[in-house]
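Below are the chains, spelled out letter by letter.
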Amino acid sequence: MNFLKTIVAAGLVAASTTAAFAADITGAGATFPFPIYSKWADAYKKETGNGLNYQSIGSGGGIKQIQAKTVTFGASDAPLKAEQLEKDGLVQWPMVMGAIVPVVNIEGVKPGEMVFDGETLANIYLGKITKWDDAAIKKLNPNVKLPSEAITVVRRSDGSGTTFNFTNYLSKASADWKSKVGEGTAVEWPVGVGAKGNEGVSGNISQTKNSIGYVEYAYAKQNKLTYTGLVNKAGKSVQPTVEAFQAAASNADWAKAPGYYVILTDQPGDKSWPITAATFILMHKEATDKAASQEALKFFRWAFKNGDKAAEELDYIPMPDSVVQLIEKTWAAEIKS
């Protein structure tokens, strides 16, 4: 957990210095991009002296805070539809892309050794598969030593964009899941232990033997969790790699999507990772504090220009240059300063 402590500290340092400036940059929301937003905030402060206070509270909380105008920007992994943006007077754009991975804690099983398909994952979260040596799991993992132990299912307890993308994928992979549970930032989970944020799920999995959960890949990697492979839409078994995330993201047609509403789960292609996702920023078209709004846009412009290497180091996918150009045109046209 040292990594998360470090980036939390960086975020707090940034937050404590913000008060010295006329315009505070305050944001709240998704835990999915917290590692990269914190890394960017630290670098931005060193370069410019300006701080960023980002509260990692979950996408649901981020949407509520921007709607209530208590922050300069909200962050969500579940994009709002164009009608909702219009109603709330908001502008939305994708900031960076990443991926969600299943994680397990089974004695003797190493990262990437196990593989799941969408239907088996759905059946575990539906409570239909309850033991690790179930025939469906064994069929996918004939060479893995699986214990005859009960599966502890871990899921998010808060309103979460990670949950939105995970349940969106399960709804595409399993008709049973779609009809009984469906998709959303919060759903009526049939089974499982709730944990708050990607941080909470990561901590719970690392401490609980024979558990399964889902987290953003940066959390799995930095916390040395045992992630699994997945069988994608093309029927190929793939590992969570930047190449696999990029393969899924390459199909996205951002230019034609109103409000940049694009869901990257279950994309076609032999190499595509099935639970790839963008994370979004939400800002008011007419901000109450225009100076703070402009400071936030300066930070986002800086991150697009200078933040790609840091994003890639944490296994996020930077937005393509062509999309960044579209986004900057959107800012100029829609955000009044």
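Preceding block: the structure.
Residues numbered from 1 in each chain as written. Predicted model: local features only at pLDDT ≥ 70, side-chain atom pairs only at ≥ 80, totals over all residues. Heavy atoms only, no water.

### Remarks on the side chain of T162
Inspection of the secondary structure assignment puts T162 in helix α7 (residues 161-173). Relative accessible area serves as the criterion here: at 1%, T162 is assigned to the buried category. Here the side chain of T162 touches N198 through a polar contact of 3.2 Å, side chain to side chain. Among residues more than four places away in sequence, those in contact with T162 are F32, D77, I100, R156, N198 and Y214. (Helix = DSSP H or I, 4+ residues; strand = E, 2+ residues; numbered from the N terminus. Buried < 20%, exposed > 50% of the residue type's maximum accessible area, 1.4 Å probe, protein only. Polar contact = N/O pair within 3.5 Å; in protein donor to acceptor, adjacent residues only side chain to side chain. Contact = heavy atoms within 4.5 Å.)

### Considering α7
Here α7 contains 13 residues, and its C-alpha end-to-end distance of 18 Å stays within 8% of the 18 Å for a straight helix at 1.5 Å per residue. Among the 13 residues that make up α7, 11 are buried, leaving the element largely enclosed by the rest of the structure. For α7, the complete set of buried residues consists of G161, T162, T163, F164, N165, F166, T167, N168, Y169, L170 and S171. (Expected span 1.5 Å × (residues − 1).)

### Focus: helix α5 (residues 118-125)
The element α5 is extensively covered by neighbouring structure, given that 7 of its 8 residues are classed as buried. After α5 finishes, the residue G127 shows a positive phi value of roughly 85°.

### Notes on the pairing of strand β12 (residues 276-284)
Within β12, 9 of the 9 residues are buried, which leaves the element mostly enclosed by the surrounding structure. Residues T276, A278, F280, L282 and H284 line one face of β12 and the alternating positions A277, T279, I281 and M283 line the opposite face, and both faces are buried. As judged from the 9 bridges shared by strand β4 (residues 90-105) and β12, these two strands associate in the antiparallel manner. Residue M97 lies in a different strand from β12, and its bridge partner there is A278. (Pairing = 2+ DSSP bridges.)

Read these as geometric descriptors, not functional statements.
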